[in-house]
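The primary structure of each chain is shown beneath.
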Amino acid sequence: MLRRSVLAAALLLAAGGAFAQPAPRYDGPLFDAHLHYNEEAYGGPHPLADVIGRMQRSGVRAIVANSRPNDGTKALADAREAMRAAGITVVPFVRLYRNRADYGGWPHDASIVEMVNRELAAGTAAGPYRGLGEFHLYDSGNANGPTAKRLMQLAQEKELAVLAHVDDAAIDLLMAHAPNARLIWAHTGIGGAPVERVRALLLRYPKLMGELSYRPGLTEGNGGLSAAWKALLSEFPERFLVGSDTWVNGRWSDYEALMAQARRWLADLPPATAQRIAWGNGAQLFGLPSPAPAASARP
Ligand SMILES: [Zn+2]
């Protein structure tokens, strides 16, 4: 009897303690699959040491690096000693944009194909480019532009991933050009395509993956996953990636907070699913080994 009441008291204490606990968080490695290092960042308040420090403090162990112009990606790739020391693998992508004018004009601009081919031939200090993008299609019809079509076919031929900021209609158009291309849907639709539509696209295109920065409806007010997205991520644990989307300097100054937000919603998934989306899917896609535990700068 005494035993039982002691046990009950202990359980009550444990339950009370649970309410006082901080929000749960995924604590393993992160693969940031949507990272930009644009000229406003590297030429401004976020030099290499700053961004590497932010990644390291966030427990980020690999990045898809791309930038406007591609010099930012090359700077990250060139920083081999610093990246090795921080335990971060750089997976370089060719950005299609030399300047802001290219954001709108690229789908019809043949000189972009030449620039991409030059970059692919040159490679980077971190090894060959592994993907193309991020690119944007503000009008999904531009997915049928000659350069958009050519680059999708090039990606398929060379087994390059493609990071595309597009709507759901453009997913169908792009995949029609290159059905075996590895398309990573930036934000999994920043316009908030319905979950059922996302699900249908994942079923139709087995190599389509979704990156989750800025995704409307992913989380609820407490920072945890919404029920609809918890169900979708649980149904397709091998098809999603985490990203920061450091497209402006404000995202860099918030970098640690953005990664902490990802750790919060990842914790609402079963641990194996969280680990896949946080790290395993990106690592598998680009053939990275499991990272050694970080020696310092735990997130
Ligand atoms: Zn972006």
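Anything mentioned here points back to the structure above.
Only a predicted model underlies this, so the values are computations on that prediction, with no experimental measurement involved.

Looking at this structure, how should I read helix α8 (residues 146–158)?
Given 3.6 residues per turn, any residue in an α-helix points the same way as the ones three and four places further on. Over its 13 residues, α8 extends 18 Å from the first C-alpha to the last, a length consistent with the 18 Å expected when each residue adds 1.5 Å. Those residues of α8 that sit buried are Thr147, Ala148, Leu151, Met152, Leu154 and Ala155. Here the buried residues of α8 occupy an arc of 160° about the axis, which is enough to place them on one side. Counted as exposed and oriented over 90 degrees from the buried face of α8: Pro146 and Glu157. Elements in contact with the buried residues of α8: α7 (110–122), β4 (131–136), β5 (161–165), α9 (168–177) and β6 (182–185). Of the residues one or two after α8, glutamate 159 is the one with positive phi, at around 55°.

So what exactly am I meant to see when it comes to the coordination of the zinc ion here?
Where a metal carries four tetrahedral donors, each ideal angle is 109.5 degrees; where it carries six octahedral donors, the ideal angles are 90 or 180 degrees. Coordination of the zinc ion by the protein involves His34 (NE2), His36 (NE2), Glu134 (OE) and Asp245 (OD), with metal-donor separations of 2.0 to 2.3 Å. Considering all four donor atoms around the zinc ion, the spread of angles at the metal, 85 to 170°, places the coordination shape in the irregular class. Along the chain, the residues that donate to the zinc ion are spaced as H-x1-H-x97-E-x110-D. Here glutamate 134 lies in strand β4 and histidine 36 lies in strand β1 (residues 30–36), a separation of 98 residues in the sequence. By relative accessible area, which is 1% here, glutamate 134 ends up buried.

Would you take a moment to explain the environment of lysine 207 for this structure?
Considering the arrangement of structural elements, one finds lysine 207 in the loop between α10 (195–204) and β7 (209–211). The class for lysine 207 is partly exposed, based on a relative accessible area of 33%. Among residues more than four places away in sequence, those in contact with lysine 207 are Asn180, Ala181, Arg182, Leu183 and Arg239. Polar side-chain contacts of lysine 207 include one of 3.1 Å to the backbone oxygen of asparagine 180.

What is the right way to look at α7 in this model?
The terminal C-alpha atoms of α7, which comprises 13 residues, lie 19 Å apart, in line with the 18 Å expected from a rise of 1.5 Å per residue. Ile112, Val113, Met115, Val116, Glu119 and Leu120 are the residues of α7 that are buried. The buried side chains of α7 occupy one side of the element, clustering within an arc of 165° when seen end-on. Opposite the buried face of α7, at more than 90 degrees from it, the exposed residues are Ala110, Arg118, Ala121 and Ala122. Of the surrounding elements, those touching the buried residues of α7 are α4 (71–78), β3 (89–94), α6 (102–105), β4 and α8. The first or second residue beyond α7 is glycine 123, which carries a positive phi of 65°.

Mind showing me how you'd approach the sheet that holds β4 here?
Strands in a sheet are paired, the pairing made by backbone hydrogen bonds, and the direction either parallel or antiparallel. Taken together, the eight strands give an open sheet; going across it, the order is β1-β2-β3-β4-β5-β6-β7-β8, and neighbouring strands pair in parallel fashion. Only two strands of the sheet have a single partner each, and these edge strands are β1 and β8 (240–241). Across five bridges, β4 lies against β5 in parallel orientation. Of the residues in β5, the one forming a bridge with glycine 131 is alanine 161. In the packing of helix α13 (residues 255–266) onto the sheet, contacts are made with β1 and β2 (60–66), and the angle to β1 comes to roughly 135°.

Honestly, a nonpolar patch on the surface in this entry has me stumped. Any pointers?
Together, Ile190, Tyr214, Trp247 and Val248 line one region of the surface with nonpolar side chains, adding up to about 350 Å² of accessible area. Overall, isoleucine 190 belongs to the partly exposed group, its relative accessible area being 36%.

Hey, could you run me through the pairing of β1 in this one?
Within a regular strand, the side chains alternate between the two sheet faces. Where burial is concerned, most of β1 is hidden: seven out of the seven residues are buried. Bridge count between β1 and β2: five bridges; the pairing is parallel. From the neighbouring strand, phenylalanine 31 faces β2, where its bridge partner is alanine 62.

Just to check I follow, could you spell out the pairing of β6 for this structure?
Here β5 runs beside β6; their pairing, made up of four bridges, is parallel. The partner of alanine 161 across the bridge, within β6, is arginine 182. Taken together, β5, α9 and β6 constitute a β-α-β crossover, and its handedness is right-handed. Of the strand pairs in this sheet, β6 and β7 are connected by two bridges, and their pairing is parallel. For tryptophan 185, the partnering residue across the bridge sits in β7 and is glycine 210.

It is not clear to me how the side chain of arginine 68 should be interpreted in this structure. Could you clarify?
For arginine 68, the position within the fold is in the loop between β2 and α4. Within the structure, arginine 68 has its side chain in polar contact with the side chain of glutamate 40 (distance 3.2 Å). Not counting residues up to four positions away in its chain, the partners in contact with arginine 68 are Asn38, Glu39, Glu40, Arg95, Tyr97, Arg98, Asn99, Arg100 and Tyr103.

What exactly am I supposed to notice about the side chain of threonine 273 here?
Following the sequence through the fold, threonine 273 ends up in helix α14 (residues 271–286). If near-sequence neighbours (up to four positions away) are discounted, threonine 273 is found in contact with Leu233 and Pro237.

Basis of the calculations
- Residues numbered from 1 in each chain as written.
- Predicted model: local features only at pLDDT ≥ 70, side-chain atom pairs only at ≥ 80, totals over all residues.
- Heavy atoms only, no water.
- Helix = DSSP H or I, 4+ residues; strand = E, 2+ residues; numbered from the N terminus.
- Expected span 1.5 Å × (residues − 1).
- Buried < 20%, exposed > 50% of the residue type's maximum accessible area, 1.4 Å probe, protein only.
- Arc of directions from axis to C-beta.
- Contact = heavy atoms within 4.5 Å.
- Donors = N, O, S within 2.8 Å, 3.2 Å for Na, K, Ca; no water.
- Tetrahedral: all angles 85-135°; square planar, octahedral: opposite > 155°, others 65-115°.
- Polar contact = N/O pair within 3.5 Å; in protein donor to acceptor, adjacent residues only side chain to side chain.
- Pairing = 2+ DSSP bridges.
- Axes fitted to C-alpha atoms, helices over the stretch in contact; angles between N-to-C directions.
- Patch = residues over 30% accessible without salt bridge, like charges linked within 9 Å, V, L, I, M, F, W, Y side chains within 5 Å.
- Areas by Shrake-Rupley, 256 points an atom, 1.4 Å probe, with all protein chains shown as cover.
- Salt bridge = Lys/Arg side-chain N within 4 Å of Asp/Glu carboxyl O.
- Right-handed = clockwise from strand over helix to strand, strands pointing away.

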